[in-house]
Each structure stands twice: as structure tokens, then as C-alpha cells.
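This is what each chain is made of:
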Amino acid sequence: MAPADKQSGLVQGTLDMLILKTLGLEPMHGYGVGIRIEQISQGAFQVNAGSLFPAFRRLERDGLIRGEWRMTENNRRAKYYSLTAGGRATLRREMRDWRAQTAAIAMILQASLGEL
Amino acid sequence: MVILRRLISGFRRLIHKPRFERELDGELHAYLEAAIHRKVSAGMTRAEADRAARVEMGSIEAVKDGARDVGWESLVEAFWQDMRYAARLLWRNPLFAGTAAFSLAVGIGATTTIFTVANGLLLRAAPGVSDPRRLVDISRTERGQPISNPLIAYRTYLDLRERVSTLDALYAQQGQPEPMIMGKGRDAERIFATIVTASYFDVLGVSPAAGRLFGRGDSEERGASPIVVLSHGFWKRRFNADPSIVGQTLQLDGEPFTVVGVASEEFRGTSVVALDVWVPLSAKAFDNGFLTSRMPEWGLVGGRLKPDASIGQVAAELDAIGRALAADYPNESRGRGFLVANASPIPPSMRLVAAGFFALLMALVSLVLIITCANVAGILLARAAARRREIAVRIAIGAGRARVVRQLLTETLLLFLLGGSAGLLFARAMTSLLIKVLPAFEVPVALSLPLDGRVLAFALGLSLAAAVLSGLAPALHISKADVVTGLKDESQGPSDRLRVRNTFVVAQVAFGIVLVITAGVLGRAMGRVVSIDQGFDSRGVETASFDLSQAGYTNTTGLMFARELANRLRKMSGVQAVALADQVPPRGMSVGPLIAPGVAPPDEGPLSGAWNIVDTGYFETLRLPLVAGRDFNDGDRAGTQPVAIVAEAGARRLWPGQNPVGQRIQRQAMGADALGGLTTLEVIGVARDLRLVTRGGGPPPIVVYVPLQQKYTPHITILARMAEGQHATPAIGAVLRSLNADLPPATARPLDDESGPVQVQLRVAASVAASVGLVALLLAAMGIYGVTAYTVARRTREIGIRIAMGAQRSDIVRLVLGQGMVLVLVGCVIGLALAAAAGRLLTRLLFGASPLDPVAFGGAVVLFAVIGLAACYMPVRRATQIDAMEALRYE
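Along each chain, residue indices are assigned from 1 in the same order as the chain's sequence is written. Chains carry letters and ligands carry numbers; both start at the beginning, A for chains and 1 for ligands, and go up in the order they are written. Whole-chain, interface and lining totals are the exception, using all residues; otherwise, since this is a predicted model, local features are given only for residues with pLDDT of at least 70 and side-chain atom pairs are given and counted only at 80 or more. Values shown for side chains rest on all heavy atoms present in the structure; no hydrogens or waters enter the calculation.

Draft legend 1. Broad picture of the environment of Asp 452 of chain B. Residue and element names in this part refer to chain B. Along the chain, the position of Asp 452 falls in the loop between helix 15 (401-436) and helix 16 (453-479). Each residue gets one of three labels from its accessible area relative to the maximum for its type: buried under 20%, exposed over 50%, partly exposed in between, using a 1.4 Å probe on protein chains only. Overall, Asp 452 belongs to the buried group, its relative accessible area being 15%. Separated by 328 residues in the primary sequence, Asp 452 and Arg 124 place their C-alpha atoms 9.9 Å from one another. Residue contacts are counted whenever heavy atoms from the two residues lie within 4.5 Å of one another. Ignoring sequence-local partners within four residues, the contact set of Asp 452 consists of Asn 119 and Arg 124. We define a polar contact as two N or O atoms separated by no more than 3.5 Å, with the added condition that, inside protein, one atom must be a possible hydrogen donor and the other a possible acceptor, whereas residues neighbouring each other in sequence contribute only through side-chain atom pairs. At a separation of 2.7 Å, a polar atom in the side chain of Asp 452 contacts the side chain of Arg 124. Strands here are runs of E lasting at least two residues and helices are runs of H or I lasting at least four, both read from the DSSP assignment and numbered beginning at the N terminus.

In C-alpha cells, the structure reads:
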């Protein structure tokens, strides 16, 4: 699990947020979530099954996402995940925290001696 | 909230495991299908897409494992999985599992047995009382030290009752069982009563099985109409559990007592003696001094804590009361204090000694447990060698080292739980056996040794600790195994495993030798106690005790009767000499205050003497020589100058450098006897010291003998020196019949029987040490055999080469034997050093044991050498029969 995260270059602990965000756009099955993250990041992040499924279990257990078996566009059965109310709230909070953090990090990284 | 949700979802997953598994399978299948579909859309062939998708996904099982590992429930599952796997492995190796579990059962069982006994005697109150945790026992201390005689004067009990505020209520009971005669004449029966205060049952919270128990409502005044409560056992045995006995009267010591009720079945009193009846103090006639003097040592005191009080508060308060009493009544209470402890069948002041004894036994059986653990660890290590390949495969396909260690520890754990449960059954059997084989005491003994929560926790904790101790080293050891060499499966393992096994064998031999030496030292000490020069000749002397007051004899008729009894007995055939005495050595003396005019008492408190009342001929009968002065004679009777004979050591202490004959001493009240003021006695003789085996601090009391004619006692013991092979019981029976006495028949017991407390302690310790020593010996033999056989197997090729190169049989024997015997030698050296250290401790705990007994030490070494040689025999034989050609082809 951990090595997979490193391979895909994902910052530790952000996978859950990315999944929540992806599912926030529309309900999606497992493979679709992986592909969607890869597409949106323009191939920067590749999330494999070994990372995705434990993350789904974690989020499902904490009541942030909910699974439901449906037919895909190709007429196959797949488990579609969607956000719960709690999941939406968590996503909002995590996005807010993330923006605050990255902004702060960006400021630190841009700092030069004259501004201090 | 989150934790609760996780908990619930975890349980749901555990319960609906198959459904979750199906769902995960379906999802992964859908994932794979979607991936393949996408690759096909991108232009791959179906077969190419299929392969690519599978490569991308990796091992499906690993993905599933990752998903399963989310949440705490996976740990439970993994544990359960490990357990099942371990159970299968053990099931497949019944010989290994059986041997290991059996030896563990012995080790854990023996330890648990000792703990159960200590628990029953020291840590819990006697059964049948309510809320036992709030009950306390109060003992006496002298000069701040616990004393072996914990009894408190009745007057002091009243002081305590008046002054104590941290206890709800107090009770007291007479320290010695009170023998009473039930019925009359020949049908009379001797029973034992506990004399208690009226508050006894109320404070303890005992419930009746029939009728009522006496309580605060019943008068503590003298002469209140006598009542009695029967014990359940006595009621069943004597009255067939007939409930109509309540309200009837029994003749006890010639007085009518009304039976008011029967105590509950569980309640058999607060100590280890189980008596027949309880009689309130008001029904017993005491002399006046008993009620007013704080000197007599009478009874045991107990109480119940107030709801808001702690035992520490009680101890503090009792300290203050002790000081106040010493200030208020310096003559009687100087140097005296109190000791309080949670209620248990052993009085607080004796618990330290008892605890020391149990600690000794515990140390002995713990050694066996350690040896067992070393043995099992050795077996586990040997098994581990056989499993190197399996473990290496598991590590190679990605099992973490921690996971492998956990799996191996689980196996050990299962083994130890099996051993532990079997050990618990073993302990159960041992304790019930113990209760059955208790030596027959004069007074019935009741031991309640339940396997309570504390014992269960002890056995479980012990099993777990032992499992971790003996499982960890092998588990860590294998998990370190190098995957590559492991997979190559060379039968030659790394040599440090052998080193670990050798260490275990050395430990087994060392601890085994400690046990065997201890058993030897104790056994020889036991022989020494019996053959010790006691100062008198106990062989052939038999004793029988009577209570003349029970048969209605008075001071004058009693003395005449007793002397007539002795006279007639002297004429019986087989009887060589007869004497009468109050007490017989070594069972005890009445300790009481002693005043020597002109001799300043020590600062710590009044002098005390060990008093014995004897009739003429006592010293002759015991062959206890007088070293100065004269013996008592018929002229020393009531109305003449009171005389005394003092033992050598006491005389030296009182009048160093002076002639003791002609000196004067004064006697005050003894026990619950009359307090007739001071009697001045003239010392007429000095007797040789009794070398009694006693232990403990402080100077021994001053032994004083006074003549029966001047100090009557209704407690008469007949001492008869019998011709060889003759017993006194029939002779005494015949004399009693010829005297037409109203006394119940008595059984004579040999004076040197081995039921003295020291002998019993030594015997118990020696037999425990001997039996665990035997187990240790067998285990050590198994260990030596195992390691030598393993070496031979490992070095088969090398030995083959040696033989091919022309090595003689004797060289091979030397090679293999050397390997095994070096371990024995190292173990022996360590063991001897340990035993020498342990011996010093032993002599402190048990009298008569000599720490560096050459016979015990030498014998143990020889024994282990023989065992070591025997254990090496088979491997050596195998080694010499190795066929060089075959061995060279041996893998």
C-alpha cells in the first residue's frame, strides 16, 4: 500500500481526499476512480488497485462513501461509490485545510530575506 | 462517534465475513473487466489486454489482503487464522505436542498448586462469611516485632472494643480449641468447641443452616443460660442433619447447653481447624483474673472495617491504642502493640513465616517451570530447524518478519494454553489430594483451597509469560533465517542455533542440580531433626492426654487419680517408666511471665518463662539429666516450700556465674489460669536444656519446671517409656477400665512422631523438592539426549569421513560423548554455585538444613553424570555404527 503511493508520487494521506473529490463530481466505480484521477492529473498520479481498495474500505467504514451495485455503460455490474453527507462535509473541510496548507507552504518556499 | 462506528463496522465484517469476501471478489472482478475493456477499446487484442491488466493490478490476493487489513478486525482475524494454523500443526505432530504440553502441565500445575495453597491460607478469608474483603485479623506484637504467639488477653480485647473507631465491630475467639465431653460416662464423646464472644457470628456475617446463631442479643454476662451452635459437619455426622435438634439440650462438660442453631455448610470457622461446636464465652467458667488482667494470652481478635475506613487507618489507630495501653498499664502492656491484616486462616503474626515457607516451595517449583520452559524452547528450536524451508518460503513471498514471529508465538501460545489448562486440572487434583492426605491431627483440620479468580489469573498469566519466554527466542531465531540458504535447505543449520540449544540444556542441568541438591539437603536435615540430640531420649516414649476436669475430678481427687493411674501403669508389662506432665516436649510449653527478684528485666518488656508442670519421675522417664541440685520428690507437696527446676540456659541467663540452686523466682498467672498473685519458688535443681528445633528471633524463653503436687493442672499427659515393640494404648485402656474411670479412652502417640511443625515443614519441602527434582532430572536427560542426537545427525557426514580416514570407535565415542558431557559439566558447575547460594537462604528459612552438605552435593553431581551418560548412550551408539560409505552419500 505505502510503496504504491510512493510510486504514483502521491503525497501521503491525500489519496482519500482525491477519491472523495472524484466521487464528488459523480458516483463512480473502482476502476473509473483510478482512471479519473490519472486523467485529471494528466498522468502524474497513477493509483493502482492495491491502494484504491483499502482506501474504499477505509472511507466506507468511516461512513464517508457508500457503495451500490449498478450496471455500467458497457452493461456490466460494478459497485458505484457516491459521497454521503458526511463525506461531502469532510471533503469541504479537507479542501479548505489543503488550500490553507499549500498556500502557507508556497509562501515559505517563495520567501526571500528582504521580506522578513 | 468514529470509534463506535469503526467498532460496529468491524463486528459487522467479522460476522458477515463471507458476504464481504464475495463483494470484494465481485468488485475486483469488475475492476479487471473494466481495465481490460478499456485496453481493448484502445486497440489491444483481448489476450494482450487481459495480460496487461493483470500485470498492472498485481497479485489479486495481495490487493484483497490490503483491503482486509483495514480496521482492527483484521487483527482478530489474523490471530484466529494463526490459531487455526497452529492447531493444525500441533495436531499433525501429536508426539511433540503431547510431550511439550504434558511437561508444561506438570510445571504450571505444580506452581499453581503451591499458589492455590498459599492463596487459600494467606490471601483469602475462610469461606462462609459475608463481604470477606472487609474483615480483618488483629494480632499482637512485642517490641514492634510479630511474635509466634499472637494471642490477646480478653481484657485487652475489651480495651480494643472500647477504643477502636475505625472498625464496625469486633469479635474474639479462644486461641486453643476447647475440648469438651459430650454426654456422660462410657458413652461420652470428646468434641472440640470454639469459645467465642457473642458478637462472633454477627461480625463475620455467617448465616444459619437451621435455627439461629447467637449474636449481640445474647448476653456476654456470666451465667447466662448456656447455648451452643453446631457446625454443619458435626450436625450431619452426629445428628444425621436432623433439624429437630434445634431447641434440645446437650450435656457438655456436665452442663446442659441449649442448641440454638446450626451454622451454614460453608462456614467452618475462621482458621484451619474445623471444630464441632461454637460456645459463647459467657458459658465458660473463668477465673477472676481472666477478666481483669491484660497478661494472659487468650484469644484471636478480628473485626469488620467501617464502610469508609481503610486497613491503613485501622493500623494507625491500633498503633496509637497500643501506645496508650502501654502508657496506661505499663506493667501489663509495656512493649506490646498490635498488628492488623486482612482476614485469612493464618493469624497475621504467623503469616510472614508461612509466606517465607511458601516462597521457598514456590522457588522450588518455579525452577521446574523454568526447566520445562527451557525444554520446550529446545524442542521448539529443533522443530524450527525442520521448518526453516517453510518459513523461508513465507518470508520470500512477502510475509513480514513481525508476521512470522507472531505466527510462531501463536503456536507457542496455543501449546502453553493447552499445558496451562492441563496444569490447572493437575493443580485441582493435587489440592484435593493434599486435603485428603493431610496428616491426622488431634484436632480436625479444614482447608478450603478453591481455584478462585486469583488462581485462574495466576495460571493464565504464568502460561502466557512462560510462552513468551520460551517461544520468543526460537521465533526470533528462525525469522532471522536467511531466505536464500533457507530455500536451499541444507541440513546443516547455522551453528548458533546449536549454541542456543546448548544454553537451554546447560540451564536445565544447572537448575535440575539445584533442585536435586535442595531435596538432598532437606531430606538429610529431616533425618537430622529426628536423630538430633534433643537433650532427652524420645524413642520408645508414648504419650496420652486427658482433661480430668471433664470427668468431674477436683484439685484433690484429680491428683490422686492421676498418680494412681501412673502407679498402675508402671506395673503393666512392657512399661518401663511412667511420668505425668502438663506439657510434653517438643509440642510446647505455656509461656507466661516470670519474675526473678534481683534480676532486672530487659528493657523491652517483662521476662517470660516457658512453664511446665511435671510430677516426680519426669526427668528419669525422659532420660533428661539434671546437671545440678535434686529432682522433685514426694516431699514437695502443697503446704511445703514451693520449688522449681530451671533449665541450664535459663539459669545462665538469670544468674550468670552464680549457683542457680537456692535462687528464687516468682510466678504470676499462666494462661487463663487463676491469678492467685505471686508465688515465690525456690530453685532446687538445674535440668539439661532441651534442644528443641525452633526458629525465630529473640532469646528463647526460660524453661521452668514446677511439681504437680504444688501446682495442680487438670490437663494431664501420661508419658510412658515402653519396651521395644510395645504400645501404650492397650495398657492405658486396661488401666482406665480397672480404675472404672469416667474418662473417654485416649490414644497414645509416640513422642517422636513426625507431626511437629518443623518436621512437617521439612517433610513437605523435601518431598516437593524431591518430586520436582525427579521431574527436573528427566527433563534434563531429555534435553541432553535431544541435543546430542541432533549433533550426531548433523555431523553424520563428518563422522563418516573420520571413520573412512581411520578413526577408531573410541575416538568417535569420545567425540560424541564429549559434546554431551561438556554441557553436563558446565551445567553442574553453574548448578553447584547456585545451590551453594540457595543453601544459605535455605538454612535461614528451615532449621537443621546445612548449606554445604557434601553428601547432597556429591550425590547430585554423580546422579547427573550418570543421567548424562545414559542420555548420551543412544546417540553414541548411533554414531559408532555410522557406515562410512553411506554417510558420505548422506546429504
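Anyway, onward from the coordinates.
Draft legend 2. Expanded view of the sheet that holds strand 2 (residues 65-71) of chain A. Residue and element names in this part refer to chain A. As summarised here, the arrangement of the three strands in space is 1-3-2, forming an open sheet in which the pairing is antiparallel. Both outer strands of the open sheet, strand 1 (28-29) and strand 2, are each paired with one neighbouring strand and no more. With seven bridges connecting them, strand 2 and strand 3 (residues 77-83) associate as antiparallel partners. For Arg 70, the partnering residue across the bridge sits in strand 3 and is Ala 78. Any two strands with at least two DSSP bridges between them are considered paired.

Draft legend 3. Region of interest: helix 19 (residues 555-571) of chain B. Residues and elements named next belong to chain B. Over its 17 residues, helix 19 extends 25 Å from the first C-alpha to the last, a length consistent with the 24 Å expected when each residue adds 1.5 Å. Buried within helix 19 we find Gly 558, Leu 559, Phe 561, Ala 562, Leu 565, Ala 566 and Leu 569. Down the axis, helix 19 shows its buried residues gathered within 165 degrees of arc, on one side only. Seen from the open side of helix 19, the exposed residues pointing more than 90 degrees away from its buried face are Thr 556, Met 560 and Lys 571. Working rule for helices: expected span equals 1.5 Å times residues minus one. This arc is taken over the directions from the axis of the helix to the C-beta atoms.

Draft legend 4. Representation of the interface of chain B and chain A within the structure. In this assembly, 23 residues from chain B lie in contact with 25 residues from chain A. Throughout, the accessible surface (probe 1.4 Å) given up by two parts as they are put together, summed over both, is called the buried area. Of the roughly 2,100 Å² buried between chain B and chain A, counting both surfaces, carbon and sulfur atoms make up 61%. For the chain B face of the interface with chain A, the top three residues by lost area are Glu 27, Tyr 31 and Val 70 of chain B, together amounting to 29%. Salt bridge, as used here, is a side-chain nitrogen of Lys or Arg placed within 4 Å of a carboxyl oxygen of Asp or Glu. Linking chain B to chain A there are three salt bridges. Glu 27 of chain B is the partner of Arg 57 of chain A in a salt bridge, and the nearest nitrogen-oxygen pair spans 3.0 Å.

Draft legend 5. Main features of the packing of helix 2 (residues 15-25) of chain A against helix 4 (residues 49-61) of chain A. Residue and element names in this part refer to chain A. Helix axes use the C-alpha atoms of the stretch in contact, all axes being lines fitted to C-alpha atoms, and the angles between their N-to-C directions lie in the range 0 to 180 degrees. The contact between helix 2 and helix 4 brings their axes to 10 Å, and the two run at 75 degrees. Our classification of the angle between helix 2 and helix 4 gives roughly perpendicular. Residues Leu 15, Asp 16, Ile 19 and Leu 20 of helix 2 form the contact with helix 4, whose own contacting residues are Ser 51, Leu 52, Ala 55, Phe 56, Arg 58 and Leu 59. For this scheme, ten residues count as nonpolar: Ala, Val, Leu, Ile, Met, Phe, Trp, Tyr, Cys and Pro. Four count as charged, namely Asp, Glu, Lys and Arg, and the remainder, Gly too, count as polar. For the contact of helix 2 with helix 4, a count of residues per class yields seven nonpolar, one polar and two charged. In these notes the angle categories are as follows: under 35 degrees is roughly parallel, over 145 is roughly antiparallel, 65 to 115 is roughly perpendicular, and the rest is oblique.

Draft legend 6. Molecular detail of unusual backbone geometry. In this structure, Gln 42 of chain A takes a positive phi of about 50 degrees despite not being glycine. Structurally, the position occupied by Gln 42 of chain A is in the loop between helix 3 (30-40) and helix 4. For Asn 240 of chain B, which is not glycine, the phi torsion reads 55 degrees and is therefore positive. The class for Asn 240 of chain B is exposed, based on a relative accessible area of 67%.

Draft legend 7. Structural context of the nonpolar core. Residue and element names in this part refer to chain B. Of all hydrophobic cores here, the largest spans 66 residues; its most connected members are Phe 358, Leu 361, Leu 515 and Phe 864. Every residue in contact with Phe 864, bar those within four places of it in the chain, is listed here: Val 509, Gly 512, Ile 513, Val 516, Leu 777, Ala 780, Val 824 and Cys 828. We call a set of buried Ala, Val, Leu, Ile, Met, Phe, Trp, Tyr and Cys residues a nonpolar core when their side-chain atoms join them within 4.5 Å. Within the second largest apolar cluster, 41 residues are counted, among which are Ala 651, Ile 718, Ala 731 and Leu 739.

Draft legend 8. Looking closely at a positive patch on the surface. Residues and elements named next belong to chain A. Each patch groups residues whose relative accessible area exceeds 30% and which form no salt bridge, using 9 Å between like charges and 5 Å between nonpolar side chains of Val, Leu, Ile, Met, Phe, Trp and Tyr. All accessible-area figures derive from a Shrake-Rupley calculation using a 1.4 Å probe, and residue coverage is judged against the displayed protein chains alone. Neither His nor the chain ends is counted toward charge; the positive residues are Lys and Arg and the negative residues Asp and Glu. Just so you know, the charge point we use is NZ for Lys, CZ for Arg, CG for Asp and CD for Glu. On the surface, a cluster of positive charge is contributed by Arg 66, Arg 88, Arg 92, Arg 93 and Arg 96. The element best represented in the positive patch is helix 5 (residues 85-110), accounting for four residues. Locating Arg 88 in the fold gives a position in helix 5.

Draft legend 9. Here's a closer look at the confidence of the model for chain B. All names here are of chain B. Per residue, pLDDT captures the predictor's confidence, and it can take any value from 0 to 100. Taken residue by residue, chain B gives an average pLDDT of 78. The fraction at 70 or more is 84%. Taken together, the stretch residues 670-675 has pLDDT below 50 and engages in 13 contacts with residues farther than four places along the chain or on a different chain. Across residues 693-698, confidence stays below pLDDT 50; counting only partners more than four residues off in sequence or on other chains, it has 10 contacts.

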